[in-house]
Amino acid sequence: MITKKIHLNSEQEAVLLFGEQDSHLRRMETEHGVEIFVRHDPEGRDLHLSIRGVAGKVQKAFKRLSERLDVIRSGRALPPEEERHPGDLFHEEAPDDAVLVTAYGKVIKAKTPHQHEYCQAITHGDMVFGIGPAGTGKTYLAVACALRALKAREVSRIVLTRPVVEAGEKLGFLPGDLYEKVHPYLKPLFDGFYDMLGPDKFRLWRNDELIEVVPLAYMRGRTLENAFIILDEAQNTSIEQMKMFLTRMGNGSRVVVTGDVTQVDLVHGRSGLILIEGILKGVEGISFVHFKEEDVVRHPLVKRIIRAFDQWEKKK
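S.K.: Is there a simple way to explain the overall build of the protein chain in this structure?
M.R.: A tally of regular secondary structure across the protein chain gives 10 helices and 11 strands. With 316 residues in all, the protein chain has 45% of them scored as buried. For the protein chain, contacts bridging at least 24 residues in sequence account for 71% of all contacts bridging at least 6. Accessible surface computed for the protein chain: about 17200 Å², of which carbon and sulfur atoms make up 51%.

S.K.: Would you mind showing me how to read a nonpolar patch on the surface here?
M.R.: Judged by side-chain polarity, L301, I305, F309 and W312 come together as a nonpolar surface patch covering roughly 420 Å² of accessible area. As for its position among the elements, W312 is in helix α10 (residues 300-315).

S.K.: Which parts of the structure should I look at to understand the packing of helix α2 (residues 23-32) against helix α7 (residues 199-207)?
M.R.: When two helices pack together, their arrangement is captured by the angle between the axes and the distance separating the axes. One can describe the packing of α2 onto α7 by two numbers: an axis separation of 7 Å at closest approach and a directional angle of 135°. In terms of orientation, α2 and α7 fall into the oblique class. Across the interface between the two elements, R27, T30, E31 and H32 from α2 touch D200, K201, R203, L204 and N207 from α7. Each residue belonging to the contact of α2 with α7 can be placed in one class, and the counts come to one nonpolar, three polar and five charged.

S.K.: Looking at this model, I keep getting lost on the side chain of Q115. Mind explaining?
M.R.: For Q115, the position within the fold is in helix α4 (residues 113-124). Here Q115 is in contact with K109, A110, T136, G137, L141, F291, D295 and V297, once residues within four sequence places are set aside.

S.K.: Teacher, can you tell me more about unusual backbone geometry here?
M.R.: Of all residues except glycine, most have a negative phi; of all peptide bonds, most are trans. Here the phi dihedral of R153 falls at roughly 60°; this positive angle occurs in a residue that is not glycine. Relative to the helices and strands, R153 is located in the loop between α5 (138-151) and β7 (157-162). With a phi close to 50°, N226 is a non-glycine residue in the positive phi region. Its place among the elements puts N226 in the loop between β8 (211-215) and β9 (227-231). What makes N226 partly exposed here is its relative accessible area of 38%.

S.K.: Where do I start with the packing of helix α1 (residues 11-18) against helix α3 (residues 55-74) in this structure?
M.R.: Two elements in contact, α1 and α3, have axes separated by 10 Å at closest approach and are oriented at 120°. As far as their axial angle goes, α3 and α1 are oblique. In this structure, α1 meets α3 at a crossing whose hand is right-handed. Contacts between α1 and α3 pair E13, L16 and L17 from the former with L65, R68, L69, I72 and R73 from the latter.

S.K.: How should I be thinking about the confidence of the model for the protein chain in this particular structure?
M.R.: Summing up the model confidence of the protein chain, the mean pLDDT is 81 and the portion of residues at 70 or higher is 85%. Every residue in residues 166-170 is under pLDDT 50, and counting partners more than four places away or in other chains gives three contacts.

S.K.: Honestly, the pattern of salt bridges in this entry has me stumped. Any pointers?
M.R.: Scanning the model with the defined rule gives nine salt bridges in all. One salt-bridge network, in which partners are shared between bridges, spans R157, E212 and R222.

S.K.: Before we go on, may I ask you to explain the state of the cysteines in this structure?
M.R.: Note on terminology: disulfide describes a covalent bond linking the sulfur atoms of two cysteines. By the definition in use, this model includes zero disulfides. Of all cysteine sulfurs in the structure, the one in C145 sits closest to C119, which takes part in no disulfide; the separation is 4.3 Å. The exposure class of C145 is buried, given its relative accessible area of 1%.

S.K.: Sorry, what's going on with α4 here?
M.R.: The first and last C-alpha atoms of α4 sit 16 Å apart over 12 residues, in line with the 16 Å expected at 1.5 Å per residue. Among the residues making up α4, those that are buried are Q115, Y118, C119, A121 and I122. Looking straight down α4, one finds its buried side chains confined to an arc of 160°; they lie on one side. The exposed residues of α4 that point more than 90 degrees off its buried face are P113 and H124.

S.K.: It is not clear to me how the pairing of strand β10 (residues 254-259) should be interpreted in this structure. Could you clarify?
M.R.: For a regular strand, the rule is simple: side chains alternate between the two faces of the sheet. Counted residue by residue, β10 has six buried out of six residues, so it is predominantly covered. Both strand β6 (residues 127-131) and β10 contribute to a ladder of five bridges, which runs parallel. Bridge pairing in β10 places I131 opposite G259. Both β9 and β10 contribute to a ladder of four bridges, which runs parallel. Note on β10: the bridge partner recorded for I229 is V255. In the classification by handedness, the crossover that spans β9, the intervening helix α8 (residues 239-246) and the parallel β10 is right-handed.

S.K.: Honestly, the sheet that holds β8 in this entry has me stumped. Any pointers?
M.R.: In a beta sheet, neighbouring strands pair by backbone hydrogen bonds and run either parallel or antiparallel. Taken together, six strands build an open sheet; the order of strands is β8-β7-β9-β10-β6-β11 and the sheet is parallel. Edge positions in the open sheet fall to β8 and β11 (286-290), since each of these has one partner strand only. Direction aside, the axes of adjacent strands within the sheet are offset by 15° on average. Bridge analysis of β7 against β8 gives five bridges, and the strand direction is parallel. Counted as the bridge partner of V159 is E212 from β8.

The rules behind each value
- Residues numbered from 1 in each chain as written.
- Predicted model: local features only at pLDDT ≥ 70, side-chain atom pairs only at ≥ 80, totals over all residues.
- Heavy atoms only, no water.
- Helix = DSSP H or I, 4+ residues; strand = E, 2+ residues; numbered from the N terminus.
- Buried < 20%, exposed > 50% of the residue type's maximum accessible area, 1.4 Å probe, protein only.
- Contact = heavy atoms within 4.5 Å.
- Areas by Shrake-Rupley, 256 points an atom, 1.4 Å probe, with all protein chains shown as cover.
- Patch = residues over 30% accessible without salt bridge, like charges linked within 9 Å, V, L, I, M, F, W, Y side chains within 5 Å.
- Salt bridge = Lys/Arg side-chain N within 4 Å of Asp/Glu carboxyl O.
- Axes fitted to C-alpha atoms, helices over the stretch in contact; angles between N-to-C directions.
- Parallel < 35°, antiparallel > 145°, perpendicular 65-115°, else oblique.
- Nonpolar A, V, L, I, M, F, W, Y, C, P; charged D, E, K, R; others polar.
- Left-handed = near helix turned anticlockwise from the far one by under 90°.
- pLDDT = per-residue confidence, 0-100.
- Disulfide = S-S within 2.5 Å.
- Expected span 1.5 Å × (residues − 1).
- Arc of directions from axis to C-beta.
- Pairing = 2+ DSSP bridges.
- Right-handed = clockwise from strand over helix to strand, strands pointing away.

What follows is the structure, given as structure tokens:
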């Protein structure tokens, strides 16, 4: 941990630098993962802005604040940083066959026919179910499609949810706030956002509620409009939970439901994901895409493990 300081000439300079109600300061802290605070010297004459945190992050925050202070001291108008659309983060145009170009310049594409079918269904439909084994890209591609929709201003936010299947510990008794309680359950959803946005930008967008992370149980009673909603690990929902979730959809929203019907952790009752295709089959506007072993894009060993389990299940 290091601390870097910037000398301020006046209280007025500090007000201009921090923004209305310190809004710019708070965003800088969240975006860069640093602490920023103002201190007078012991005699109350000099005013300093201190930035504390990991060296690399402190250096980036220091550079941005110094540039902003230079603009203030020159008398020029400050750029309206807080009003930028989140899609502006993605500067590069995606090739025709790509789902998204990440903030780091990585091109994300569908790699198999079923993945291509899945992305097309999400692009042109309002509700899509992606069902298949681990490693087929169901969640990762859903996240990429969600960010693409946000970039194109087709939705105003992204909502991530997952059923919390408890194993001996009640959610209410776990330490921390809601985010800290559900973080271990929802971490697999975060990985895609970290890869495409970076952890600092993800944390900023989550704090600004451009990305909302919520356990499935907390969805009851809500109507989600103009949102891209992803339900992950849907095999662990009951049919009642599945109905509750699907009926949260509001105008201008899209829903993607992902899961693997071979990995159900429910102790009581049948999986809502297993039952839902029979209920909704043929309903206009709803698509089901089934992934197979050949769609696995993780380590080649994952594909062999899935094949071995399939053979074992058949023998049983």
